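Chain residues, written in single-letter form:
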Amino acid sequence: MSARDYIEKDYYATLGVPEDASAADIKKAYRKLARQHHPDANAGDAKAEEKFKEVSEAYDVLSDTAKRKEYDEARAMFAGGGFRMPPGAGYGGRPGPGGATTFDLGDLFGGATAGGGGGLGDLFGGLFGGGGRGRASTPRRGADVEAEVTISFTDAAAGVTLPLTISGPHTCPICRGSGAKPGTATRVCPRCSGTGMSTNNQGGFAFAEPCRECRGRGLLVDDPCPTCSGTGEAITTRTLRARIPAGVADGKRIRLKGKGEPGERGGPPGDLLVLVHVGKHELFGRKGDNLTLTVPVTFPEAATGTTVKVPTLDGPPVTVKIPAGTASGRVLRVRGKGVARRDGSKGDLLVTVEVTVPVKLSEEAKAALAAYAEAAPENPRAHLDAMTGAASTTRTTAGANGG
């Protein structure tokens, strides 16, 4: 397989996802295909085993943000005709076996972004192990893992520790990632001498590319592990305990360092990203670090003032004073009864007063309201009447209601 063939592999098609697929969609597609084609579920099926390896290779690239970016850039460059075979050694080639000019793609493009970091030199060095540096010995950080949890409103405010069960590709527990059957060992690939790279002659040129014999690993497995079929990975399920901090909001992502997939060749583990969904509460709402609560009061209570007891989310009830003349919709603040903050302090409880209107009135109540309207002939629409030229109807209406 030539370097161009490697670049033009369509990993998106292998996983059956579009090129703009999200990380979650890519993982979902991989898990489905990995279960479908896993050697344990297709004993003796060589095609299934080959498909499993292709799917694993595609996921290895597309699940890594940096690798995926490099892969996309490489495909775009080749598809757009941006790469041309150099006409001679003056473009960075060097004499190879049989007089061929050898090109290392990492060398070809390394100079274009010298000191830039993350450019084409890194692209081809990363994909092909440019410069003859073997990939087999390079530590690699483990992939991040995503999970979702739904917790109650109360747990979100107070914080909670809960178990999370995660399934996905993991270092094979039987061979510990070597790919070799227990009791046996891997051996250095004789074709690439353990570098994971080999030289492919094409006419007058020679390109460095992943070794065909060991598929870029630098190691060969003569007696494959029966659990992972020599891949070093297996779909495993693990349970861990995750601490959701107090005050977490709905839709928040919590990053748990080092709880993702283990690194390769001594690399650090990835992180666990937990998407938190928070359920509704029958009484309380939330606005930032403040809790909200609606408290209904009668018209006499709002007019003359009163005190009411209101519940709190994590403690005993508190007494709130309703001042005389409180209008419906007024918000009263109770300090320190809200959601916990990172610094240990708390937000407030915002109490919204709702003046209730009775649906049914007895004859006595109607008469009392009529008497009140006569005693307090207030017109709350005076400013509107001034604009419309309408006469006040407050007393007349009240009298009508009174019968």
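Further up the page is the structure itself.
Only a predicted model underlies this, so the values are computations on that prediction, with no experimental measurement involved.

**Topic: the packing of aromatic side chains**
Argument step 1. Considering all chains together, one arrives at four aromatic pairs under this definition.
Argument step 2. Taking 5.9 Å as the distance between ring centres and 70 degrees as the angle between the ring planes, the aromatic pair formed by Phe299 and Tyr372 counts as edge-to-face. Here Phe299, found in helix 9 (residues 299–304), pairs with Tyr372, found in helix 10 (residues 363–375); they are 73 residues apart in sequence, far enough to count as distant.
Argument step 3. Overall, Tyr372 belongs to the partly exposed group, its relative accessible area being 40%.

**Quick notes on the sheet that holds strand 10 (residues 253–256)**
Argument step 1. Taken together, the three strands give an open sheet; going across it, the order is 3-11-10, and neighbouring strands pair in mixed fashion. Bordering the open sheet on either side are strand 3 (145–151) and strand 10, each of which pairs with just one other strand. Each adjacent strand pair in this sheet contributes to an overall mean axis angle of 25 degrees, direction not counted.
Argument step 2. Judged from the seven bridges that link them, strand 3 and strand 11 (residues 272–278) form a sheet pairing that is parallel. Following the sheet pairing, Ile151 is matched in strand 11 by Val278.

**Things to note about the pattern of salt bridges**
Argument step 1. Going through the model one piece at a time under the given rule, you end up with twelve salt bridges.
Argument step 2. The partner of Arg335 in a salt bridge is Asp348, and the shortest N-O contact between them spans 3.2 Å. With Arg335 in the loop between strand 16 (331–334) and strand 17 (349–355) and Asp348 in the loop between strand 16 and strand 17, the pair connects residues that are 13 residues apart, well separated along the chain.
Argument step 3. We classify Arg335 as exposed; its relative accessible area is 63%.

**Describing empty space enclosed by the protein**
Argument step 1. Evaluation of the coordinates by the stated rule reveals one cavity of 30 Å³ or more.
Argument step 2. Lining the largest cavity are Lys27, Arg31, Val145, Ile166, Ser167, Gly168, Pro169, His170, Thr236, Arg238 and Glu261.
Argument step 3. Breaking the lining of the largest cavity down by element, the ones donating at least two residues are helix 3 (23–37), strand 4 (160–171) and strand 9 (233–244).
Argument step 4. It is strand 4 that contributes the most residues to the lining of the largest cavity, five residues altogether.
Argument step 5. Its residues placed into classes, the lining of the largest cavity shows three nonpolar, four polar and four charged.

Cut-off values and rules
Residues numbered from 1 in each chain as written. Predicted model: local features only at pLDDT ≥ 70, side-chain atom pairs only at ≥ 80, totals over all residues. Heavy atoms only, no water. Phe/Tyr/Trp six-rings, centres within 6.5 Å; stacked < 30°, edge-to-face > 60°. Helix = DSSP H or I, 4+ residues; strand = E, 2+ residues; numbered from the N terminus. Buried < 20%, exposed > 50% of the residue type's maximum accessible area, 1.4 Å probe, protein only. Pairing = 2+ DSSP bridges. Axes fitted to C-alpha atoms, helices over the stretch in contact; angles between N-to-C directions. Salt bridge = Lys/Arg side-chain N within 4 Å of Asp/Glu carboxyl O. 1 Å grid on protein atoms, 1.4 Å probe; cavity = no way out; pocket = protein on both sides within 12 Å on 5 of 7 lines; lining within 4 Å. Points joined across faces, edges and corners; volume = space filled by probe spheres on them. Nonpolar A, V, L, I, M, F, W, Y, C, P; charged D, E, K, R; others polar.

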